[in-house]
Amino acid sequence: MDNRDKNFENNIKNEYINIPESLKPENIEQKLFNMSPEEMNRRSESSDVPYQEIDFAKRSGEKTSADKKKSMGKVVLPIVIAASLIVGLGLGLFLGTKRRSGETAKGEAESFNESDEVIIDEAADEAAAETAESEKDTAKKKTSKKKDKDDNYNKAYDRLKAYYDESQNAMDYTYGVDIVEEAADEAVESEVAENDSVQTLSPRNSKDKVASSDVNKGQDDGSVDFTDTNVRTEGVAEGDIIKTDGKYIYAYDRYTLHIIIYRVQDGKIEKCGGINVLNDDMDAVEMYINGDRLIFIGRTEDSGYMDKTGIVIYDISDRENPEMVKSITQDGMYYSSRMVGDKLYTFSKKSVDLGKMRKKKYKTYIPEIDGDIIENDKILVQDDIHCDTYVVVSAVDLNKGKVVDRLGALAGNGFIYVSSENIYLTDVVFSWEDYSWSNETKIIKISYKDGNLSYEAKGKFPGYLKDDYCIDEHNGYIRLVTNYTDDYSTYNALYVLNKDLEKVSAIKRLAENETIKSARFMGDWGYFVTFRNTDPLFAVDLSDPENPEITDYLKIPGFSEYLHPYGDGKLLGIGHDADLETGRAEGLKLSMFDISDPSDIKEEDKVIMDEYVNANIFEDRRAFMFDSKEGRFGFATQRAWDYTDDNDSRIFYDVFDYDEEDGFDCKLEYKLAIDEYYSYDSTTFSGTRGIIIGDYLYVVVGGQGVVSFDTNKYEQVDECR
């Protein structure tokens, strides 16, 4: 016993542990020395017991022969150490491991009774220690996994409940059903298993340019150049009610709820197929064309309400007989979408019924996509956000017709901006103390490479954005122009944030008491317009993100509500003229700005159209047709009402051109026909698009068909209604 591990022995001595008498070290030692040679020999022959020599003469005080010593010399390792280890492990589990119940641990400790004699060697000792440590690590991982599983779901529940409580206090408004607390949640435990069986989807594994060229080049198969949907970011496609691939035009008819396919060539038009959207219970459809796939997205019914978003993929390799490939639904009203390559990203907004939330019934407050609730690690919660609505994002592989990733953000109910690499969600912060919108906006950054949606950063900035043209990503920096209030006055500002959404620089207190009307970022330069009575156009040098500089600003009457790059050194502005004294908006105004010298901006030419009162591009940028190859652009316009003709149409489609010598030139004023049943409504105005394919212009009129013109003399060629 001289080699006994004193430290180990001392560690297991504890006045609170009742060690059986037979297992106490001093008693085991005495039992060993009282053991007969025959009994010791029997134990030494056991195949399960390691052995070593022991001097029996020393035990008995007698001398033994060599034969006796040889036959009796095989014995066990010191049993004291073995017994001590077993007792330590057994009682340690009894006292320190909470994974087992008290009764089980006690039973294990008592199983080492007086008749037991347990033998282990040093290797077994180490293995047991490693096993215990491994079990501890496994327990930690399971606990951590369970904690992670509940973490974001719990955060979402807590924030939604806080919103409910705050809104109750602020508005004294009740939903009629109290949110169930923890005790009541026990009654629905049996339903948790269904929600916990969510499958984890494995995600499938470009630098912003100024703007889309708006012209797709023809291919080697004989197709021709054509204009495409006007988008915010080049390379990031946006859905619309009208699409083309250069050979066919696909138009959504809001009156009949059909998608009509027209074959077009050299100005000739004919219907060749269609899709009945009613069969898919869809409304407010937008479309994409991806090779031989047509994808349409819109609101779809759930329990009689159009409160879900539907994504339907059709194979249109046979344009006369489209075939459905896949139908996907996601929670929430359709908001927007983007397509990059063969991946479609769809955004919807899901409001939670706060009165029906149950903490352990995740489906009552976690959104679903294609039948599965969004995974815990894909739920984002702004800690101090005040809303009851998620932005729900799905990533769909269009080739496979499969959801490859999903995400839900309890935030981002402001503008959505999608760069070539990231998605940005914004929120104007609401103050419950003042019960009003505050003077600050929060922003979340989500990467979306190859369909993998991943949270990257969050931040905030003073003021609020007018639209998604007021935010831009370039070379890893975020540039913003905002409107904010300070000392009871309104100002404008420019902020630069880094990739972690931390402020790098700012220019503040611009254009006091004026509001931002439009903005456009073009590489290292930014341009924005503010307005009160006049139209200051600001130019900002952003080549050094830490030191942005306003190089010039131009004050002219009126304001530009939409800005579009127009070739080298030119910027097109479309807006309204205005009264200098009152600031009251008047007729439409086209301005061409010379920005070739950013320190000396000039209005090179302008045209004011007093009889025009509105343009559909002010409501929807996708309605702007721009042929960058020839410099032509078009949009639908609204004239002042002619009271001399009760049935007179006020809606026109206009096409303009610009020449440095001659200025603006209106090439086409096409008056949209009045339908016998429908008089003027917003559908005709907002739903009209112009498309140039080769040498022909096709005007697709909402609910009225397609009419074509040659682009030489702009004479009508054909129509199909």
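Every chain's residues receive numbers from 1 upward, in the order its sequence appears when written. Restriction of local features to residues with pLDDT of at least 70 applies here, the model being predicted, together with a cutoff of 80 or more for giving and counting side-chain atom pairs; totals for whole chains, interfaces and linings are based on all residues. Based on all heavy atoms of the structure, the side-chain values leave hydrogens and waters out of the count.

Draft legend 1. A nonpolar patch on the surface, seen in detail. Residues Val-428, Trp-437 and Tyr-464 make up a contiguous nonpolar surface patch of roughly 330 Å² in combined accessible area. Strands are runs of DSSP state E lasting at least 2 residues, helices are runs of H or I lasting at least 4, and numbering of each runs from the N terminus. Positionally, Trp-437 belongs in strand 20 (residues 436-447). The buried label applies to any residue whose accessible area, calculated with a 1.4 Å probe on protein chains only, is under 20% of its type's maximum; exposed applies above 50%, and partly exposed to all values in between. A relative accessible area of 60% means that Trp-437 is categorised as exposed. Like-charged residues within 9 Å of one another, or nonpolar side chains (Val, Leu, Ile, Met, Phe, Trp, Tyr) within 5 Å, are grouped into patches, provided each residue has over 30% relative accessible area and no salt bridge. Surface exposure here means Shrake-Rupley accessible area, sampled with a 1.4 Å probe, where a residue is shielded only by the protein chains that are shown. When a carboxyl oxygen of Asp or Glu lies within 4 Å of a side-chain nitrogen of Lys or Arg, that pair is called a salt bridge.

Draft legend 2. Local environment of the nonpolar core. Nonpolar cores were defined as sets of buried Ala, Val, Leu, Ile, Met, Phe, Trp, Tyr and Cys residues, with membership established by side-chain atoms within 4.5 Å. Residues Leu-344, Tyr-365, Ile-366, Tyr-390, Ile-423 and Leu-453 are the most contacted members of the largest nonpolar core, which totals 53 residues. Contacts between residues were defined by any pair of non-hydrogen atoms, one from each residue, lying within 4.5 Å. If sequence neighbours within four positions are ignored, Leu-453 has contacts with Tyr-345, Lys-378, Val-393, Ala-395, Asp-405, Arg-406, Leu-407, Ile-423, Ile-446, Ser-447 and Tyr-448. Grouped together as the second largest cluster of nonpolar side chains are 33 residues, Ile-241, Val-277, Met-282 and Val-700 included.

Draft legend 3. Fine view of the packing of aromatic side chains. Any two rings among Phe, Tyr and Trp, with Trp reduced to its six-membered ring, count as a pair given centres within 6.5 Å; such a pair is stacked if its planes are under 30 degrees apart, edge-to-face if over 60, and tilted if neither. One pass over the structure, following the stated rule, counts 23 aromatic pairs. For the ring pair Tyr-362 and Tyr-365, a centre distance of 6.4 Å and an interplane angle of 80 degrees mean the geometry is edge-to-face. Classification of Tyr-362 by relative accessible area gives buried; the value is 7%. When its relative accessible area of 2% is taken as the criterion, Tyr-365 is described as buried. Here the aromatic rings of Tyr-658 and Phe-664 are separated by 5.0 Å at their centres, their planes lie at 55 degrees, and the arrangement is tilted. Classification of Phe-664 as buried rests on a relative accessible area of 13%. Pairwise contacts between aromatic rings join Tyr-469, Tyr-562, Tyr-566, Phe-624, Phe-626, Phe-633, Phe-635, Phe-656, Tyr-658 and Phe-664 into one cluster. Placement of a charge over a ring requires the Lys NZ or Arg CZ to be within 6 Å of the ring centre, with the centre-to-atom vector within 35 degrees of the ring normal. Over the face of the ring belonging to Tyr-335 we find Lys-349, whose NZ or CZ atom lies 4.1 Å from the ring centre.

Draft legend 4. Region of interest: the sheet that holds strand 19 (residues 422-431). One open sheet accounts for four strands, arranged 18-19-20-21; its pairing is antiparallel. Unpaired on one side and paired on the other, strand 18 (416-418) and strand 21 (454-462) mark the two borders of the sheet. Averaged over neighbouring strand pairs, the angle between their axes works out to 20 degrees when direction is ignored. In terms of strand pairing, strand 20 meets strand 21 through eight bridges, oriented antiparallel. Note that in strand 21 the partner of Thr-441 across the bridge is Phe-461. Here, a strand pair is defined by DSSP locating no fewer than two bridges between the strands. Convention adopted: a line fitted to C-alpha atoms gives each axis, helices being fitted over their contacting stretch, and angles between N-to-C directions are expressed from 0 to 180 degrees.

Draft legend 5. View of the sheet that holds strand 12 (residues 343-351). The mixed open sheet is built from five strands, whose spatial order is 11-12-16-17-15. If you trace the sheet from one side to the other, it starts and ends with strand 11 (333-340) and strand 15 (379-381), each paired once. Within the sheet, the average angular offset between the axes of one strand and its neighbour, ignoring direction, is 20 degrees. Note: strand 15 against strand 17 (residues 402-410), three bridges, orientation parallel. Considered in strand 17, the bridge of Val-381 is made with Leu-410.

Draft legend 6. Representation of the state of the cysteines. Note on terminology: pairs of cysteine sulfur atoms within 2.5 Å are recorded as disulfides. One pass over the structure, following the stated rule, counts zero disulfides. Free of any disulfide, Cys-720 has its nearest cysteine sulfur in Cys-272, 9.7 Å distant. Given a relative accessible area of 12%, Cys-720 falls into the buried group.

Draft legend 7. Layout of the environment of Asp-331. Here Asp-331 lies in strand 10 (residues 323-331). Overall, Asp-331 belongs to the buried group, its relative accessible area being 7%. Excluding anything up to four places from it in sequence, Asp-331 contacts Asp-307, Lys-308, Ser-348, Lys-350, Pro-367, Glu-368 and Val-392. By the criterion applied in these results, polar contacts are pairs of N or O atoms within 3.5 Å in which, for protein atoms, one can donate a hydrogen and the other can accept it, and in which residues neighboring in sequence qualify only through two side-chain atoms. At 2.8 Å, the side chain of Asp-331 forms a polar contact with the backbone nitrogen of Glu-368.

Draft legend 8. Structural view of the pairing of strand 25 (residues 503-510). Sheet analysis places strand 24 (residues 489-497) next to strand 25, joined by five bridges and oriented antiparallel. Note on strand 25: the bridge partner recorded for Val-496 is Ser-505. What sits between the antiparallel neighbours strand 24 and strand 25 is a turn of five residues, in which Leu-501 has the positive phi angle 65 degrees.

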